[in-house]
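In case you want the letters, here they are:
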Amino acid sequence: MRYIADVPTTPATEPPPKPSVLTSAARATAVINAFAADHAPEPAALAAILRAHGEPEPVHLTAEDADALRTAAARLREVFDAPDTDRAAAALNRLLRERTGPLRLTTHGGATGWHPHLDHDDDAPWDDWLIASSCLALAVLLWERGRPPGGSCAAARCRNVYLTQGSGLERRYCSRRCATRERVAAHRRARIAATRDGRDEDDRLN
């Protein structure tokens, strides 16, 4: 279960920070990608990912929490695996129907500014919170951009997902490294095919 620390209710001179759509969406991709690795991440590694994406202390995950987050990540991957906007929206609608509560506003007891949540309460289990916060962020990105909020890396040996950036050319790879590796592999295949075709042509002429 998640536990929200008690915070003072006296007003601050500056409004406390609130989670952003992009931060929540990036957190979803980071958790999904953590489970895409050859070895499942330890609870401490998952907790570090959540902290790195703005989740305030305390962040304590048990082995059971990690197992539940694995299932949540697999469900969220359905959105990134969708090949087009309609099917990404359908995947989000399924998750919103099956795994989230009604829209509500919270400050987590004054720890943040007012912001929307779709989990059932501020002390929801980690997996429910991840799905709810991720679905909300991904739905906003799809709504704003009119395209899938992200995708799955097209590299043959990569299982990572990525967020769609802006309105430029359609993205296919999670990183420059994967894109470069695939270009090199495609060039090598084309060169081998050309060499083979040349040999076949020589054989026909001989």
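Conventions adopted
Residues numbered from 1 in each chain as written. Predicted model: local features only at pLDDT ≥ 70, side-chain atom pairs only at ≥ 80, totals over all residues. Heavy atoms only, no water. Helix = DSSP H or I, 4+ residues; strand = E, 2+ residues; numbered from the N terminus. Buried < 20%, exposed > 50% of the residue type's maximum accessible area, 1.4 Å probe, protein only. 1 Å grid on protein atoms, 1.4 Å probe; cavity = no way out; pocket = protein on both sides within 12 Å on 5 of 7 lines; lining within 4 Å. Points joined across faces, edges and corners; volume = space filled by probe spheres on them. Nonpolar A, V, L, I, M, F, W, Y, C, P; charged D, E, K, R; others polar. Expected span 1.5 Å × (residues − 1). Arc of directions from axis to C-beta. Contact = heavy atoms within 4.5 Å. Polar contact = N/O pair within 3.5 Å; in protein donor to acceptor, adjacent residues only side chain to side chain.

A. The environment of Ala90, seen in detail. Within the secondary structure, Ala90 sits in helix α4 (residues 85-99). Look at Ala90 and you get partly exposed, because its relative accessible area is 33%. Sequence separation of Ala90 and Glu78 is 12 residues, and the distance between their C-alpha atoms is 9.7 Å.

B. The arrangement of the layout of surface pockets in detail. Taken as a whole, the second largest pocket encloses approximately 250 Å³ of empty space. For the lining of the second largest pocket, the secondary-structure elements that each account for two or more residues are α3 (63-81) and β3 (150-152). Per-class residue counts for the lining of the second largest pocket are 6 nonpolar, 4 polar and 5 charged.

C. Just α4, in detail. Compared with the 21 Å implied by 1.5 Å per residue over 15 residues, the 21 Å span of α4 between its first and last C-alpha is a close match. When we look at burial in α4, the residues that qualify are Ala88, Ala91, Leu92, Leu95 and Arg99. Each buried residue of α4 lies within a common arc of 95° when the element is viewed along its axis, so the set occupies one face. Every exposed residue of α4 that faces more than 90 degrees away from the buried side is listed here: Asp86 and Arg97. Buried residues along α4 sit in contact with α3 and α5 (126-145). The N-terminus of α4 is capped by Asp84, whose side-chain oxygen sits 3.3 Å from the backbone nitrogen of Asp86.

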